[in-house]
Amino acid sequence: PAHIVIAYTGTDLTMYVNGNVIATMNTTFKVGSNAWQCTIGGSSVGTAFRVQGVIDEFAFYRSELSHARVAAHYAAGRSYTDEVLADSPYAFYRLNDASGIPADSSGNSRPPTGVTGTPVYNTSGGPVSDGGYLTFDGSTDHVSLGNLGSWVLSQSEFSFECWFRHTSTADMSI
């Protein structure tokens, strides 16, 4: 499994994998309030960008996570949830709900707006050892989180993170 973090400072976008910087790009953008639908597991439009694999512990932040915080999250092991919550996520979907409908564990009451397909809830062999996770089929499965433009990306800084493992390399999107 891999831990991935995307952090944006307002001028630089940095991608981390397993606590290490793998790319940084100078860019300026702001999604604003347009109707960009955020999903976990794949796009809500068409069939491109669908994940065939496991996703766990998806979190959004209204600020950039520093390299030190990213490394702490990656190294946390069993206390991973505590590390995430210490950074006050805007929304945090642990994806460990037996119903298959993720709850927001951030304390901010931001439930998903829907689940498409049938992501499979699993309890063993997941990326993070403190709970279950969802497996997505790469075809129809995804969790809709609503209009991301009015959420995190309307901020000048943001971060998001998750754990994932692909079961197919046909489409390497998250």
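See the structure shown above.
A brief look at the structure comes next. (Residues numbered from 1 in each chain as written. Predicted model: local features only at pLDDT ≥ 70, side-chain atom pairs only at ≥ 80, totals over all residues. Heavy atoms only, no water.)

**Looking at the nonpolar core**
Of all hydrophobic cores here, the largest spans 17 residues; its most connected members are Ile-40, Ile-55, Phe-58, Phe-60, Tyr-93 and Leu-145. At the level of secondary structure, the elements contributing two or more residues to this core comprise strand S1 (2-8), strand S4 (37-40), strand S5 (52-61), strand S6 (91-93), strand S9 (133-137), strand S10 (142-147) and strand S11 (158-166). Of the residues forming this core, the biggest block, 3 residues, is contributed by S5. If near-sequence neighbours (up to four positions away) are discounted, Ile-40 is found in contact with Ile-55, Phe-58, Tyr-93, Leu-95, Phe-136, His-142, Val-143 and Leu-145. (Core = buried A, V, L, I, M, F, W, Y, C linked by side-chain atoms within 4.5 Å. Buried < 20%, exposed > 50% of the residue type's maximum accessible area, 1.4 Å probe, protein only. Helix = DSSP H or I, 4+ residues; strand = E, 2+ residues; numbered from the N terminus. Contact = heavy atoms within 4.5 Å.)

**Details of the pairing of S9**
Where S5 meets S9, 4 bridges bridge the pair, whose relative direction is antiparallel. Bridged to Ile-55 within S9 is Leu-134. When strand S8 (residues 120-122) meets S9, the two strands line up antiparallel, connected through 3 bridges. Directly across from Asn-122, in S9, lies its bridge partner Tyr-133. (Pairing = 2+ DSSP bridges.)

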